[in-house]
Number of protein chains: 2
Amino acid sequence: MTGSRVSRVEVPPDSLFGPENMPYGVFAPPDGVFRVGCRLGDMVLDLAALLDDPVFARSEMNAFLAQGSRRWREVREKLRALADTALPIDAVYPVSAVRMALPVRIGDYVDFYASIDHATNLGRLFRPDSEPLLPNWRHLPVGYHGRAGTVVVSDTPVIRPRGQRRTASGTTDFGPSERLDIEAELGFVVGTGSTLGTPVTVDEFAEHVFGVALVNDWSARDIQAWEYQPLGPFLGKSFATSISGWITPLAALTSARVPIPAQDPEPLPYLRGLDDFGLDIDLAVAWNGAVVTHPPYARMYWSPAQMLAHLTANGASVRPGDLYASGTISGPEPSQRGSFIELSWGGTEHIRVNDQTRTFLTDGDEVTITATAPGTEGRRIGLGEVAGRILCARDT
Amino acid sequence: MTGSRVSRVEVPPDSLFGPENMPYGVFAPPDGVFRVGCRLGDMVLDLAALLDDPVFARSEMNAFLAQGSRRWREVREKLRALADTALPIDAVYPVSAVRMALPVRIGDYVDFYASIDHATNLGRLFRPDSEPLLPNWRHLPVGYHGRAGTVVVSDTPVIRPRGQRRTASGTTDFGPSERLDIEAELGFVVGTGSTLGTPVTVDEFAEHVFGVALVNDWSARDIQAWEYQPLGPFLGKSFATSISGWITPLAALTSARVPIPAQDPEPLPYLRGLDDFGLDIDLAVAWNGAVVTHPPYARMYWSPAQMLAHLTANGASVRPGDLYASGTISGPEPSQRGSFIELSWGGTEHIRVNDQTRTFLTDGDEVTITATAPGTEGRRIGLGEVAGRILCARDT
């Protein structure tokens, strides 16, 4: 390591990214190539420069994740020690000066449906003539596979998708989605993979999952409503899923851990463990800068440990870099709904956005999801934000 | 290239793998590492040794696929010329002496539902009280994402999955699937990727798709029936999907091309093209060696070019190595049904297998799917087989 030394990184006392947070991401300095970094305050530490391990010189975190939970703890201890020391000037960059990339190469992407309030709201909206919660919902964490190849990092523009819809007159047409929506979710990034044929138990969650990211699972409701039976959502979701550039390690969320809400009926034994890993994370969704909802992660019915145990219960394996998301986070209050189809109740009620009103997304709109969680001594830590702006549909 | 020269590879006149076929795969010679090869008769040609391109020295075909359709044609011409010449002895191995690996690193795996007879049969079995074909089925190729990380190469054993089911008394339990099934399908391997936001049109199919593989989409019907609403199949499918080790290039299927059956109503313009790419491929499914059904690919309602156009119509991108499968191939006759749930009509009718009877799969059973298609001058070409044996469920 050459270069002059600076004094240690100054972290403002109210920073959401203090030394107890230190999320990881993949960044490129001005005129540099992508590599693994760590955020401290408003600075990014270049781990390829600071730590003697070539896994950090890569453009995705997969190799580091595959090193396993002992190594994750070791690196985190080193980084917390480094946060108190002077650092080489060529290993530290302002957050505002770097470009971020997708932090992991995602093998499989699974999306769950773990909020009882969201599932109930969508049941009412999509199937108004039947029980909103289907019979299986309280027995297992319902989920499905999404498209891994169209997961993009925060700030990637989202082109309004075109697709086939049922028209009011009962015919079909093809055109730009008229009901473009968001889903505010929490994503879980798998670090240690598993073997085909061997399930991961609830209590093995923290050995396999490295950390969390905020997720916006953009959704074209008109396309989804027409296509989704009987095999589930497909093109209504697969055009883009945005995730935050920063991944917060589970180790930073110790103070955020809470019990999950009571489950009735009691889940089958394969969905039970000593450690359910509820998380008290508060999200906020800003639409063109105006916060329109505050989804509370702590209210999620199914825990992330249960989701992983279910996902692998049939012997399916996970790989380093796999991503699974919670599904839309909605609380019981209208001000806690994590999608615009819920906030506008199927497009029938206007949502106030600054001095305008909205139901679904208009071209040019920008949505930014942020979140905070309890840290130690009354402080809070922040998750990396996930943002995206809607571009008009392409001509075909 | 060193080593003594042999006379050219002898291909028996009735071989299904003559010089007009020449499928690609990833193989390892005895005591050697995996690399890209090509099958000719009962021999495997080592392309890393025969052609001057390091892409063939890799353990997956992705880099070759990404070189694009002009390069695919060029390599195929070279191989057809080589088939007529003497070859170095250390570049040719008997098929029986090599191990095969998954030929591609699969980015995303999508499964369609393109057989009208299969969709009708499953609608009758899963939803006996309503119209078997849902309203969207004739308007778009229904599909969903499957698990890419659990796609395995032919001959990989399949462990019977455990999972949650609804019992006859209305409770739930967890245990080894009692309705383990197959789905005989044709898979399409993407070669040239596309750009996020830019759909692939029907007529661009052959520029993007490299070739075809046989697929067995193993299905646990009891798990699937309980979990699949409203987000589609998940654990009932994700424990394993087997594909053939040999990928037949589209260029070998020129004589197999046929029009697709009439579509009513006429599809929307984005699903129409000059070239619908129907394929006259006859499958045979052997259960412990006894052929129990002959699914005809030519009867598929939606063409593979329409599937790809639909999959990307919302701007979703494809990557080299992506796999999409047709869904179960069933013809109108009972002897043409491509799954055991159809052959046994939901487990109510016995299927004769040698001197035994079956409804669903028993531990130790082996299923082998083979297929042939028209070649030139009245000959036929073979697709690589996909086989798998059922191992008993693991203790948990």
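What counts and what doesn't
- Residues numbered from 1 in each chain as written.
- Chains lettered and ligands numbered in written order.
- Predicted model: local features only at pLDDT ≥ 70, side-chain atom pairs only at ≥ 80, totals over all residues.
- Heavy atoms only, no water.
- Pairing = 2+ DSSP bridges.
- Helix = DSSP H or I, 4+ residues; strand = E, 2+ residues; numbered from the N terminus.
- Axes fitted to C-alpha atoms, helices over the stretch in contact; angles between N-to-C directions.
- Contact = heavy atoms within 4.5 Å.
- UniProt positions renumbered as here; feature names shortened; annotations may be inferred.
- Buried < 20%, exposed > 50% of the residue type's maximum accessible area, 1.4 Å probe, protein only.
- 1 Å grid on protein atoms, 1.4 Å probe; cavity = no way out; pocket = protein on both sides within 12 Å on 5 of 7 lines; lining within 4 Å.
- Points joined across faces, edges and corners; volume = space filled by probe spheres on them.
- Phe/Tyr/Trp six-rings, centres within 6.5 Å; stacked < 30°, edge-to-face > 60°.
- Lys NZ or Arg CZ within 6 Å of the ring centre and 35° of its normal.
- Domains from an automatic or database assignment.
- Buried area = accessible area lost by both parts, 1.4 Å probe.
- Salt bridge = Lys/Arg side-chain N within 4 Å of Asp/Glu carboxyl O.
- Polar contact = N/O pair within 3.5 Å; in protein donor to acceptor, adjacent residues only side chain to side chain.
- Least-squares fit on C-alpha atoms with pLDDT ≥ 70 in both.

All names here are of chain B. With antiparallel pairing, five strands are arranged side by side in an open sheet as 4-3-2-1-5. The strands lining the two open edges of the sheet, one partner per strand, are strand 4 (92-94) and strand 5 (99-101). Across this sheet, the average inter-strand angle for adjacent strands is 45°, counted without regard to direction. Pairing between strand 3 (residues 43-46) and strand 4: three bridges, direction antiparallel. Residue pairing across strands places Met43 opposite Pro94, the latter belonging to strand 4.

A separate point is the environment of Ser335 of chain A. Residue and element names in this part refer to chain A. Examined against the element boundaries, Ser335 turns out to sit in the loop between strand 22 (323-325) and helix 8 (340-343). Along the primary structure Ser335 and His294 are separated by 41 residues, whereas in three dimensions their C-alpha atoms are 6.3 Å apart. Ignoring anything within four residues of it in the chain, the contact list for Ser335 reads Thr293 and His294.

Residues and elements named next belong to chain A. Under the present numbering, the feature "binding site: Ca(2+)" (unreviewed entry) in UniProt falls on Asp111, Glu183, Glu185 and Asp217. Look at the named residues: they lie 107 residues apart in sequence, but the longest C-alpha span between them is just 10.9 Å, so in the fold they bunch up. On the accessibility criterion, Asp111 (1% relative accessible area) is buried. Setting aside residues no more than four positions away along its own chain, Asp111 makes contact with Gly143, Tyr144, Glu183, Glu185, Asp217, Ala325, Ser326 and Gly327. As for its position among the elements, Glu185 is in strand 13 (residues 184-190). Residue contacts for Glu185: discarding those within four places in its chain leaves Asp111, Ala213, Leu214, Val215, Asp217, Leu283, Ala325, Ser326, Gly327, Thr328 and Ile329.

One simple way to see leftover space: roll a probe sized like a water molecule over the atoms. All names here are of chain B. Roughly 500 Å³ of volume is contained in the largest pocket. Lining the largest pocket we find 25 residues, and of these Phe126, Arg127, Ala225, Tyr228 and Gln229 sit closest to its centre. Contributions of two or more residues to the lining of the largest pocket are made by helix 4 (116-126) and helix 6 (221-227). At four residues, the largest contribution of residues to the lining of the largest pocket is made by helix 6.

Counting buried positions over the eleven residues of helix 4 of chain B gives eight, a clear majority of the element. Buried residues in helix 4 of chain B make contact with helix 6 and helix 8 (340-343) of chain B.

Let's shift gears to the environment of Val285 of chain B. Residues and elements named next belong to chain B. Relative to the helices and strands, Val285 is located in strand 20 (residues 282-287). Judged by relative accessible area, which is 0%, Val285 ranks as buried. When the C-alpha positions of Val285 and Pro259 are compared, they lie 24 Å apart, and in sequence the two are 26 residues distant. When neighbours within four sequence positions are excluded, Val285 is seen to be in contact with Ile182, Ala184, Ala290, Val291, Val292, Thr293, Pro295, Phe340, Val367, Thr368 and Ile369.

Each aromatic ring pair is summarised here by two numbers: the centre-to-centre distance and the angle between the ring planes. On inspection of all chains with the given rule, the structure shows 34 aromatic pairs over all chains. When the ring of Trp287 of chain B is compared with that of Phe340 of chain B, the centres are 3.7 Å apart and the planes differ by 5°; the resulting orientation is stacked. Of this pair, Trp287 of chain B sits in strand 20 while Phe340 of chain B sits in helix 8, placing them 53 residues apart in sequence. For Phe340 of chain B, a relative accessible area of 0% corresponds to the buried category. Taken together, the ring pairs in this structure connect Phe112, Phe188, Phe205, Phe277, Tyr297 and Tyr324 of chain A together with Phe234 of chain B into an aromatic cluster. Arg39 of chain A extends its terminal NZ or CZ atom over the ring of Phe17 of chain A, reaching a point 3.8 Å from the ring centre.

Take the domain arrangement of chain A next. Residues and elements named next belong to chain A. When its domains are assigned, chain A resolves into domain 1 (24-101) and domain 2 (109-391). Relative placement of domain 1 and domain 2: their C-alpha centres are 28 Å apart. Facing 19 residues of domain 1, the contacting portion of domain 2 comprises 18 residues. Regarding the contact of domain 1 and domain 2, the summed buried area is about 1,400 Å², with carbon and sulfur atoms giving 69% of it. Its largest share of buried area at the contact with domain 2, domain 1 owes to Tyr24, Leu65 and Trp72, together 39% of the area lost on that side. The tally of links from domain 1 across to domain 2 stands at zero salt bridges. Joining domain 1 to domain 2, the criterion identifies three residue pairs in polar contact (both at pLDDT 80 or more). Sorting the residues of the side of domain 1 that touches domain 2 by element identifies strand 1 (24-28), strand 2 (35-40), helix 2 (62-66), helix 3 (69-82) and strand 5 (99-101) as the ones contributing at least two each.

Residue and element names in this part refer to chain A. With five of six residues buried, strand 20 (residues 282-287) lies mostly within the body of the structure. Here strand 20 runs beside strand 25 (residues 366-374); their pairing, made up of six bridges, is antiparallel. In the strand pairing of strand 25, Asp282 is matched with Thr372. The hairpin formed by strand 20 and strand 21 (residues 290-293) contains two residues between the paired strands, and Asn288 there has a positive phi angle of roughly 50°.

Between chain B and chain A, the superposition needs a rotation of 180° and an axial shift of 0.0 Å, giving an RMSD of 0.0 Å. Expressed as an axis order, the relation between the two copies is that of a two-fold axis. Looking at the rotation axis and the C-alpha trace of chain B, the residue lying nearest is Gly232 of chain B, at 2.0 Å. Interface overlap between copies is the fraction of interface residues in one copy that are interface residues in the other; for chain B against chain A it reaches 100%, indicating a shared surface.

With 57 residues of chain B at the interface, the matching set in chain A holds 57 residues. Regarding the contact of chain B and chain A, the summed buried area is about 5,400 Å², with carbon and sulfur atoms giving 61% of it. Among the residues chain B hides against chain A, the three largest losses belong to Arg147, Leu231 and Phe234 of chain B. Together they make up 15% of the total. Between chain B and chain A we count two salt bridges in total. Residue Asp322 of chain A pairs with Arg147 of chain B through a salt bridge whose shortest N-O separation is 3.0 Å. For the side of chain B that touches chain A, the secondary structure elements donating two or more residues are strand 6 (109-112), strand 7 (143-146), strand 10 (162-166), strand 11 (172-176), helix 6 and helix 7 (304-312) of chain B. Take the side of chain B that touches chain A: its biggest share by element is four residues, from strand 7 of chain B.

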